[in-house]
Amino acid sequence: MDAAQHDAFFLWAGVKAPEVLAKARTIYLLDGEVRAGSPARFVPLRPAVPHVRHAEIWLVVRLERLDWEEPVWRRVLADLDRWQAAGNRLAGLQLDFDARTRGLDRYAAFLAEARRRLPRRYKLSITGLMDWSAGGDPAALAALGSVVDDVVLQTYQGRRTVPGYEAYLRSLARLPFPYRLGLVEGGAWRAPPALARDPHFRGYVVFLLPR
């Protein structure tokens, strides 16, 4: 998978921006994490507010738990406003959470609360697992799709494409919402012919690896 053939990218904190970002139209930038532990807290990972003029950006929060407390919500919303005030073309907030397929109803409830708190000027994006399409409860998937604006299904774990990803892709037509596929830079990838015919497929986002 050649990153240079794409124009949408994930860039995690601490990863040096490669030259391919110069032609990016969309960039997802990790801001921080809500980590497990007590109490829930936001851990910032980006030392400064980004300044991106040529591309639309998403502020990404990686989360390990869904029971956010008020200080966490306030910090994330404040960071969104800071990023926008810096002159960025900020699309909104992306939540990166590995929601288990059997727990999608609980995740959908959390996302509804996130949408309620998020000012309407910001969109809401999430990452997702390919297994959602194969085993996800239809009602939970519909509830999830009703509150988010952008879904990126990850085809990789760590630095590698998930083995047997082709089997998961056969069930993508079950998803009741538009989606994009997240590919890992340099990973294995062969798009099935049916993908281009799926009206819900919106393209790719490339996860850039540290150099």
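Residues numbered from 1 in each chain as written. Predicted model: local features only at pLDDT ≥ 70, side-chain atom pairs only at ≥ 80, totals over all residues. Heavy atoms only, no water.

*Asks:* Any chance you could break down helix H2 (residues 104-117) for me, citing the residues and the numbers?
*Replies:* Compared with the 20 Å implied by 1.5 Å per residue over 14 residues, the 20 Å span of H2 between its first and last C-alpha is a close match. Leu104, Tyr107, Ala108, Phe110, Leu111, Ala114 and Arg115 are the residues of H2 that are buried. Taken end-on, H2 shows its buried residues confined to a sector of 160°, consistent with a single buried face. Away from the buried face of H2 by more than 90 degrees, exposed residues Asp105, Arg106 and Arg116 are located. On its buried side, H2 packs onto strand S4 (56-63), helix H1 (70-85), strand S5 (89-96), strand S6 (123-129), helix H3 (131-135) and helix H4 (138-145). (Helix = DSSP H or I, 4+ residues; strand = E, 2+ residues; numbered from the N terminus. Expected span 1.5 Å × (residues − 1). Buried < 20%, exposed > 50% of the residue type's maximum accessible area, 1.4 Å probe, protein only. Arc of directions from axis to C-beta. Contact = heavy atoms within 4.5 Å.)

*Asks:* Please give an account of the pattern of salt bridges that cites residues and values.
*Replies:* Inspection of the entire model under this criterion finds 13 salt bridges. Between Arg75 and Asp79 there is a salt bridge whose closest N-O contact spans 3.0 Å. With Arg75 and Asp79 both in helix H1 and four residues apart, this pair spans about one turn of that helix. Among the salt bridges present, the one from Asp79 reaches Arg82, with a minimum N-O distance of 2.1 Å. Of this pair, Asp79 and Arg82 both sit in helix H1, separated by three residues, roughly a single helical turn. When its relative accessible area of 39% is taken as the criterion, Arg82 is described as partly exposed. Counted as one network, the salt bridges with shared partners bring together Glu70, Glu113, Arg116 and Arg117. (Salt bridge = Lys/Arg side-chain N within 4 Å of Asp/Glu carboxyl O.)

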